[in-house]
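For reference, the chains in residue letters:
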Amino acid sequence: MFNQYNLEEIRDRARAAFIGMAIGDALGATVEFMTASEIASKYGTFRDIIGGGWLRLKPGQVTDDTEMALCIARAIVKNQAWSVEAVADNFAAWLKSRPVDCGDTCRKGIRAYLLNGQLESPPNEWDAGNGAAMRILPAVLFSLPDGELLKKYVLEQAHITHNNPVSDAACLCLGELLHMALCGAGKNRMNRHVDGLVARFPTFTFVPYRGLATGYVVDTMQTVLHWFFRGRSFEECLVGTVNQGGDADTTGAICGMMAGAYYGMDAIPKRWMKKVDGKVIAEIEIMVERLITASPVWRG
Ligand code: MN
Ligand code: MN
């Protein structure tokens, strides 16, 4: 049957998005919580995956950003369907496994699930961290290209830990941008889509860029959008992003998914590809294949 989408191209972009996320996480973690000027005086321009950082990581080790995304991916693949309970179960098992890092809001939400089976955190105006946005990619891939499914999956996984209108807006905008990039949209179209987010939530304005890269989802989105639209390659987008410091593993992970989806596998530097934990890459390859082939775009 005729399919308007180029499935091989989508598969390539989806792999690059997920691997790009892990690369951004592993790269940025070294400089997480440093300021841009501290990074500049220590490294000049920071551009290699070397581990270390405040978490004392091995070179190529990923953190909670990639691990929580894999929790969501495994839940979908195992059930061959969306189940927010399965996602929460995987988050809970992950938290019990003593992960290398876990954000406070994520920990609080997962504990509430463990204690009372709470799948939706109560609305909270303060929980506008980037912890729900950083892990959305499996929901984005499994819903492709259906905007309604995207909204359901992205927000249900978010609300396990973060129930906040600004976090929700960031998650949805990011998910929509990823759908666009995966289907081959250009940056001009994507930029016009961001204009819609900024019109509804002026706080997301990233021109002029203020240079804040904290874990507040507004700062995170401004940093990612600034460097994604400004960069001329996968590498430039990521190097610009993580050199802002702050929550650099998470801004790196989010920019990595965007730039991966946009530029595809050929644009990913081999030196980064080789450095990231091989077990993580191998699992990502399997998960992406299963998520994509179970998505509406594949079924036509
Ligand atoms: Mn992290
Ligand atoms: Mn982080």
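The preceding data block contains the structure.
Everything numeric in this text was worked out from a predicted model, so none of it was measured. (Residues numbered from 1 in each chain as written. Chains lettered and ligands numbered in written order. Predicted model: local features only at pLDDT ≥ 70, side-chain atom pairs only at ≥ 80, totals over all residues. Heavy atoms only, no water.)

### Some points on the coordination of the manganese ion (ligand 2)
Point 1. Binding of the manganese ion (ligand 2) to the protein goes through Glu32 (OE), Asp247 (OD), Asp249 (OD) and Thr250 (OG1), at separations of 2.1 to 2.7 Å.
Point 2. Read in sequence order, the donor residues coordinating the manganese ion (ligand 2) give the pattern E-x214-D-x1-D-T.
Point 3. Separation of the manganese ion (ligand 2) from the manganese ion (ligand 1) amounts to 3.5 Å, with Asp249 serving as a shared donor to the pair. On the criterion of sequence distance, the pair formed by Glu32 in the loop between α1 (7–28) and α2 (36–43) and Asp249 in helix α12 (residues 248–263) is long-range, its members being 217 residues apart. Neither residue differs from the other here; Glu32 and Asp249 are each classed as buried. (Donors = N, O, S within 2.8 Å, 3.2 Å for Na, K, Ca; no water. Helix = DSSP H or I, 4+ residues; strand = E, 2+ residues; numbered from the N terminus. Buried < 20%, exposed > 50% of the residue type's maximum accessible area, 1.4 Å probe, protein only.)

### Some thoughts on the side chain of Thr220
Point 1. Relative to the helices and strands, Thr220 resides in helix α10 (residues 217–230).
Point 2. When near neighbours in sequence (up to four residues on either side) are disregarded, Thr220 contacts Asn130, Thr214, Gly215, Thr251 and Ile254. (Contact = heavy atoms within 4.5 Å.)

### Topic: the packing of helix α7 (residues 147–159) against helix α8 (residues 165–182)
When two helices pack together, their arrangement is captured by the angle between the axes and the distance separating the axes.
Point 1. For the pair α7 and α8, the least separation of the axes is 10 Å and the interaxial angle reads 140°. By the criterion of interaxial angle, the relationship of α7 to α8 is oblique. Once α7 is placed against α8, the crossing between them reads as right-handed. Judged by residue contacts, Leu150, Lys151, Val154, Leu155, Ala158 and His159 of α7 engage Asp168, Cys171, Leu172, Gly175, Glu176 and His179 from α8.
Point 2. When the residues that make up the contact of α7 with α8 are grouped by side-chain class, the tally is six nonpolar, three polar and three charged. (Axes fitted to C-alpha atoms, helices over the stretch in contact; angles between N-to-C directions. Parallel < 35°, antiparallel > 145°, perpendicular 65-115°, else oblique. Left-handed = near helix turned anticlockwise from the far one by under 90°. Nonpolar A, V, L, I, M, F, W, Y, C, P; charged D, E, K, R; others polar.)

### Considering the pattern of salt bridges
Point 1. Applying the stated criterion across every chain yields a total of 12 salt bridges.
Point 2. For Glu9, the salt bridge identified is with Arg13, shortest N-O distance 2.9 Å. Within this pair, Glu9 and its partner Arg13 are both found in helix α1, separated by four residues, close to a single helical turn.
Point 3. Residue Glu9 is classed as partly exposed on the basis of its relative accessible area of 31%.
Point 4. Close ionic contact of Glu156 with Lys152 constitutes a salt bridge, the shortest N to O distance being 2.9 Å. Within this pair, Glu156 and its partner Lys152 are both found in helix α7, separated by four residues, close to a single helical turn.
Point 5. On the basis of relative accessible area, Glu156 is assigned to the partly exposed category, the value being 26%.
Point 6. Each of the salt bridges in this network shares a partner with another, and the network as a whole consists of Arg47, Asp48, Glu235 and Arg271. (Salt bridge = Lys/Arg side-chain N within 4 Å of Asp/Glu carboxyl O.)

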